[in-house]
Amino acid sequence: MTATSNPFDAARDLADAPRVGGRQRPRDAATLILTRPGPAGPEVLMGRRAAGHVFMASKWVFPGGRVERTDPSAAFATDLAAADALRLARELAPRRARALALAAVRETFEETGLLLAEPAPPASVAGPWREFRAVGALPDLAALRYIARAITPPGRTRRFDARFFMADASALLYPEPTAGSGELDEIAWLPLVQARAVDLPAITRFVLGEVAERLSQPNRPLPFVRMVRGKHVIEHQD
């Protein structure tokens, strides 16, 4: 594992999530980055967070959210690929690792209506997976690639230990998003070049660059972004 220098704009990072003091333990969260070919080059699915949010209001982000208590026991159609499961196993237990992948798929469905899934008989379950299972689908975890990890700096209004997953849109049951839950007030497929021009959190901008590189170098080392002694540090893991 190697560390590299800080690529972030400190002022932008502080504006994304201003310090509020106190200590909060980061909560596990997961994000899904969907890509597809487009007429102007690769496109990525992004959404703009509603203006009323306490955390990253009006910013363009990837779909995602925190792990819920039902995610570790949720059913799935296919499991994580061996290489991705191995990378996650270096950080946490296999059941928790799978829960992160499941959370990324579930949150994407909730926020955009998109299903990274295989068809399955509709099922009646309680909790956050109720609507996903009711439409007749089970998560396709084999379509995911684990590409980055980042921990929100200390003292922020919200702190997450976020894992970023990437998948090709060809694995979706349906190609276009719907309105979703309303957490994102706009959802769009953006060309990578255009995506970098919208109002982004610092970490989202960094991960977009990682996505662009990974499209041509799928086996590049995985970056882990965190703050150490007041400075952002990136460690890379093979």
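As the structure is a prediction and not an experimental result, all values here were calculated from the model. (Residues numbered from 1 in each chain as written. Predicted model: local features only at pLDDT ≥ 70, side-chain atom pairs only at ≥ 80, totals over all residues. Heavy atoms only, no water.)

1. Section: the layout of surface pockets
Empty space within the second largest pocket amounts to approximately 240 Å³. Mapped by element, the contributors of at least two residues to the lining of the second largest pocket are α2 (82-89), β8 (145-151), β9 (160-168) and α6 (202-216). (1 Å grid on protein atoms, 1.4 Å probe; cavity = no way out; pocket = protein on both sides within 12 Å on 5 of 7 lines; lining within 4 Å. Points joined across faces, edges and corners; volume = space filled by probe spheres on them. Helix = DSSP H or I, 4+ residues; strand = E, 2+ residues; numbered from the N terminus.)

2. Here's the deal with the pairing of β9
Across the nine residues of β9, seven count as buried, placing the element largely inside the fold. The pairing of strand β2 (residues 27-36) with β9 spans nine bridges and is classified as parallel. When the bridges of β9 are listed, Ile-33 appears paired with Met-166. Here β8 runs beside β9; their pairing, made up of six bridges, is antiparallel. In the sheet register, Tyr-146 faces β9, and the bridge partner there is Phe-165. (Buried < 20%, exposed > 50% of the residue type's maximum accessible area, 1.4 Å probe, protein only. Pairing = 2+ DSSP bridges.)

3. Details of the pattern of salt bridges
As enumerated under the stated definition, the model contains 20 salt bridges in all. Across the pair Arg-163 and Asp-28 runs a salt bridge whose closest N-O atoms are separated by 3.2 Å. Of the two residues, Arg-163 is situated in strand β9 and Asp-28 in strand β2; the sequence distance between them amounts to 135 residues. Under the relative-accessibility criterion, Arg-163 is labelled buried at 2%. Here Asp-28 falls in the buried class, since its relative accessible area comes to 19%. Between Glu-210 and Arg-220 there is a salt bridge whose closest N-O contact spans 2.9 Å. Placement of the pair is Glu-210 in helix α6 and Arg-220 in the loop between α6 and β11 (222-228), with a sequence separation of 10 residues. (Salt bridge = Lys/Arg side-chain N within 4 Å of Asp/Glu carboxyl O.)

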